[in-house]
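Residue-level structural notes
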Amino acid sequence: MDTLSYKTISANAATVDKQWVVVDASSAVLGRLASEVAKILRGKVKPSYTPHVDCGDNVIVINADKVRLTGDKWDSKVYVRHTGYPGGQRISTPRILKDKSSAILVEKAVRGMLPKNRLGRKLYGNLYVYEGAEHPHEAQQPKTITL
């Protein structure tokens, strides 16, 4: 058999097939949900996965306010950031972030599981998180995925 028939197909921006998917986060554990969403965003669930190309789907996460954390993580887990000024270290817990917006929790968890480079920043733009069950992306005809 001719060896030229065994060519590895590498996807690029023109040949990639991007879809829209809906993920329901109700009663899902935050980290487990975030890792699956990150895989879909990255495109690792597709046979045409290419590491340096945005070949993942656009993901809509609904019911982010019903996400769960196991154990005592609502109060013991800490998110640390720094303002840039001396003594500017700020600490918050998941309970504090949930009081502001539940979407922040899911976004931070997914963002931490994406690459820390230009591609990761582009992939993060394909994530849409909503607290309730409604979303404004019905025109894209997203398909529902159960995790």
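Rules behind the numbers
- Residues numbered from 1 in each chain as written.
- Predicted model: local features only at pLDDT ≥ 70, side-chain atom pairs only at ≥ 80, totals over all residues.
- Heavy atoms only, no water.
- Axes fitted to C-alpha atoms, helices over the stretch in contact; angles between N-to-C directions.
- Helix = DSSP H or I, 4+ residues; strand = E, 2+ residues; numbered from the N terminus.
- Parallel < 35°, antiparallel > 145°, perpendicular 65-115°, else oblique.
- Left-handed = near helix turned anticlockwise from the far one by under 90°.
- Contact = heavy atoms within 4.5 Å.
- Nonpolar A, V, L, I, M, F, W, Y, C, P; charged D, E, K, R; others polar.
- Patch = residues over 30% accessible without salt bridge, like charges linked within 9 Å, V, L, I, M, F, W, Y side chains within 5 Å.
- Areas by Shrake-Rupley, 256 points an atom, 1.4 Å probe, with all protein chains shown as cover.
- Salt bridge = Lys/Arg side-chain N within 4 Å of Asp/Glu carboxyl O.
- Lys, Arg positive; Asp, Glu negative; His and termini not counted.
- Charge placed at Lys NZ, Arg CZ, Asp CG, Glu CD.
- Buried < 20%, exposed > 50% of the residue type's maximum accessible area, 1.4 Å probe, protein only.
- Core = buried A, V, L, I, M, F, W, Y, C linked by side-chain atoms within 4.5 Å.
- Phe/Tyr/Trp six-rings, centres within 6.5 Å; stacked < 30°, edge-to-face > 60°.
- Lys NZ or Arg CZ within 6 Å of the ring centre and 35° of its normal.

With that out of the way, let us pick up the packing of helix H1 (residues 30–42) against helix H4 (residues 102–111). At a minimum axis distance of 8 Å, the contact between H1 and H4 shows a crossing angle of 60 degrees. The orientation of H1 with respect to H4, classified from their angle, is oblique. Relative to H4, the crossing made by H1 is right-handed. Each of Leu-30, Leu-33, Ala-34, Val-37 and Leu-41 in H1 lies in contact with H4, whose residues at this interface are Leu-105, Val-106, Ala-109 and Val-110. Classifying every residue of the contact of H1 with H4 by side-chain character gives nine nonpolar, no polar and no charged.

Take a positive patch on the surface next. A cluster of basic residues, Arg-81, Arg-90, Lys-100, Lys-108, Arg-111, Arg-118 and Arg-121, forms a positive patch on the protein surface. Those elements that place two or more of their residues in the positive patch are H4 and helix H5 (118–124). Here Lys-108 shows up in helix H4. Overall, the relative accessible area of 39% leaves Lys-108 in the partly exposed class.

Core analysis: the largest hydrophobic core is formed by 30 residues, its most contacted members being Leu-33, Val-37, Val-59, Val-61, Val-106, Val-110 and Leu-127. Of all the secondary structure elements, the ones that give two or more residues to this core are strand E1 (20–24), H1, strand E2 (58–62), H4, H5 and strand E5 (127–129). Of the residues forming this core, the biggest block, seven residues, is contributed by H1. If sequence neighbours within four positions are ignored, Val-59 has contacts with Val-21, Val-23, Val-37, Ile-40, Leu-41, Asn-126, Leu-127 and Tyr-128.

Its place among the elements puts Ala-38 in helix H1. Here the alpha-carbon distance between Ala-38 and Cys-55, two residues 17 residues apart in the chain, equals 12 Å. Leaving out residues up to four positions away in the same chain, Ala-38 has contacts with Met-113 and Leu-114.

Here Arg-42 lies in helix H1. No salt bridge is formed by the buried Arg-42, whose closest oppositely charged neighbour, Asp-54, lies at an N-O distance of 8.1 Å. Residue contacts for Arg-42: discarding those within four places in its chain leaves Tyr-49, Pro-51, Cys-55, Gly-56, Pro-115, Leu-119 and Leu-123.

In the structure shown here, the tally under the stated rule is one aromatic pair. Stacked on the ring of Tyr-124, the Lys or Arg Arg-111 has its end atom at 3.8 Å from the ring centre.

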